[in-house]
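Residues per chain are reported as follows:
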Amino acid sequence: MLIEDYDVEVFTPPCEPGAERFAARARLKVDISEVLPYLNATLRGAVYNPAAKALTWKKGGHNIAFHAYEIATSNVEDRDAAEKELHGLIALVNRTWERRAEIVPDHSTRQRPTPMAVYNLLPKTNCRQCGQPTCYTFALKLVAAQVKVEDCTPLFDPQHADKLAALQSIIIDAPSIG
Ligand code: SF4
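As the structure is a computational prediction, the values presented were derived from the model and not from experiment. (Residues numbered from 1 in each chain as written. Predicted model: local features only at pLDDT ≥ 70, side-chain atom pairs only at ≥ 80, totals over all residues. Heavy atoms only, no water.)

Structural notes on the pairing of strand E6 (residues 70–76)
Each regular strand displays side chains that alternate between the two surfaces of the sheet.
So, step 1. For strand E2 (residues 22–28) and E6, the ladder comprises five bridges, and the chain directions are antiparallel. Bridge pairing in E6 places Phe-22 opposite Val-76.
So, step 2. Here five bridges tie strand E5 (residues 62–67) to E6, and the two strands are oriented antiparallel to one another. Residue pairing in the sheet places Asn-63 in a bridge with Ser-74 of E6.
So, step 3. The hairpin formed by E5 and E6 contains two residues between the paired strands. (Pairing = 2+ DSSP bridges. Helix = DSSP H or I, 4+ residues; strand = E, 2+ residues; numbered from the N terminus.)

Brief notes about the packing of aromatic side chains
So, step 1. Applying the stated criterion across every chain, the model contains two aromatic pairs.
So, step 2. Aromatic side chains Tyr-38 and Trp-97 sit 6.4 Å apart centroid to centroid with 85 degrees between the ring planes, which places their arrangement in the edge-to-face category. Taken together, the positions of Tyr-38 in helix H1 (residues 36–42) and Trp-97 in helix H2 (residues 79–98) put the pair 59 residues apart, joining distant regions of the chain.
So, step 3. Accessibility expressed as a relative area gives 16% for Trp-97, which makes it buried. (Phe/Tyr/Trp six-rings, centres within 6.5 Å; stacked < 30°, edge-to-face > 60°. Buried < 20%, exposed > 50% of the residue type's maximum accessible area, 1.4 Å probe, protein only.)

Thoughts on the site of the ligand
So, step 1. The environment of the ligand is formed by Pro-123, Thr-125, Asn-126, Cys-127, Arg-128, Gln-129, Cys-130, Cys-135, Phe-138, Cys-152 and Pro-154.
So, step 2. The residue makeup of the shell around the ligand, split by class, is seven nonpolar, three polar and one charged. (Near = heavy atom within 4 Å. Nonpolar A, V, L, I, M, F, W, Y, C, P; charged D, E, K, R; others polar.)

Here's the deal with the domain arrangement of the protein chain
Interface size, as often reported, equals the accessible area lost upon joining of the parts.
So, step 1. By domain assignment, the protein chain separates into domain 1 (6–102) and domain 2 (115–170).
So, step 2. In this structure, domain 1 and domain 2 have C-alpha centres spaced 27 Å apart.
So, step 3. Between domain 1 and domain 2, the contact holds five residues from the first and six residues from the second.
So, step 4. A combined buried area of about 450 Å² lies between domain 1 and domain 2, and 43% of that area is made up of carbon and sulfur atoms.
So, step 5. Taken as a group, Arg-44, Lys-58 and Gly-60 account for 79% of the area that domain 1 buries against domain 2, more than any other trio of residues on that side. (Domains from an automatic or database assignment. Contact = heavy atoms within 4.5 Å. Buried area = accessible area lost by both parts, 1.4 Å probe.)

Notes on a nonpolar patch on the surface
So, step 1. A cluster of nonpolar side chains, contributed by Met-116, Tyr-136 and Leu-140, occupies part of the molecular surface with about 260 Å² of accessible area.
So, step 2. Within the secondary structure, Tyr-136 sits in helix H4 (residues 135–143).
So, step 3. For Tyr-136, a relative accessible area of 33% gives the class partly exposed. (Patch = residues over 30% accessible without salt bridge, like charges linked within 9 Å, V, L, I, M, F, W, Y side chains within 5 Å. Areas by Shrake-Rupley, 256 points an atom, 1.4 Å probe, with all protein chains shown as cover. Salt bridge = Lys/Arg side-chain N within 4 Å of Asp/Glu carboxyl O.)

Some thoughts on the confidence of the model for the protein chain
So, step 1. In this model, the protein chain carries an average pLDDT of 88, and 92% of its residues clear a pLDDT of 70 or more.
So, step 2. The weakest mean pLDDT in the protein chain belongs to helix H5 (residues 161–170) at 85; the strongest belongs to H1 at 95. (pLDDT = per-residue confidence, 0-100.)

Let's talk about the nonpolar core
So, step 1. In this structure, Leu-39, Leu-55, Trp-57, Phe-66, Ile-71 and Val-93 are the most contacted members of the largest nonpolar core, which totals 27 residues.
So, step 2. Elements represented by at least two residues in this core include exactly E2, H1, strand E4 (54–59), E5, E6 and H2.
So, step 3. Look past the residues within four positions of Leu-39 in its chain and what remains in contact with it is Leu-55, Phe-66, Leu-92, Val-93 and Thr-96.
So, step 4. Grouped together as the second largest cluster of nonpolar side chains are 15 residues, Val-149, Cys-152, Leu-164 and Ile-171 included. (Core = buried A, V, L, I, M, F, W, Y, C linked by side-chain atoms within 4.5 Å.)

Here's the deal with the sheet that holds E5
So, step 1. Strand order in the open sheet formed by six strands is E1-E2-E6-E5-E4-E3, and the pairing between neighbours is antiparallel. In this open sheet, the two edge strands, each paired with only one partner strand, are strand E1 (6–11) and strand E3 (47–49). Across the sheet, the mean angle separating the axes of adjacent strands is 15 degrees when strand polarity is ignored.
So, step 2. In terms of strand pairing, E1 meets E2 through six bridges, oriented antiparallel. For Asp-7, the partnering residue across the bridge sits in E2 and is Arg-27.
So, step 3. Of the strands in this sheet, E1, E2, E4, E5 and E6 are in contact with H2, which crosses E6 at around 145 degrees. (Axes fitted to C-alpha atoms, helices over the stretch in contact; angles between N-to-C directions.)

Quick look at the structure:
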């Protein structure tokens, strides 16, 4: 196990006094820099900065950052959820490290796909089969990892095969952190 011991702090960001959102930070006793290229290869929409030894990621509207000795999440709805998510992120790092022999590490810095780039690959019929009111809303949520490509069933029609392949090339399924 890479991370065995860490200190957790849950707080309201000082720039948002009184806000109903929370942040949590785990201070680590080991350097996790070496796992960042493996996370970069497996997390949808992650942005890796090798020079800074930092990787940022958005999941479910939360802003997540991995640094050499720290993992942080912010914009979380309550204290318990923030702490729980942080423990999930620690477990994700440990699982990824244990699976590293199966993963090709990615040392590149990818641009996060924009909602418009994703929207342009959707059927654009606003049919609502995905549960969203419009295709653009679906694109916004897909970029934020709040929905999955598979939720848009019309996209799996053969006529959209090219768009589906293009979308899958820029969207990597997000792993569970629970
Ligand atoms: S199911 Fe697909 S095509 Fe229909 S509204 Fe949702 S994103 Fe658009």
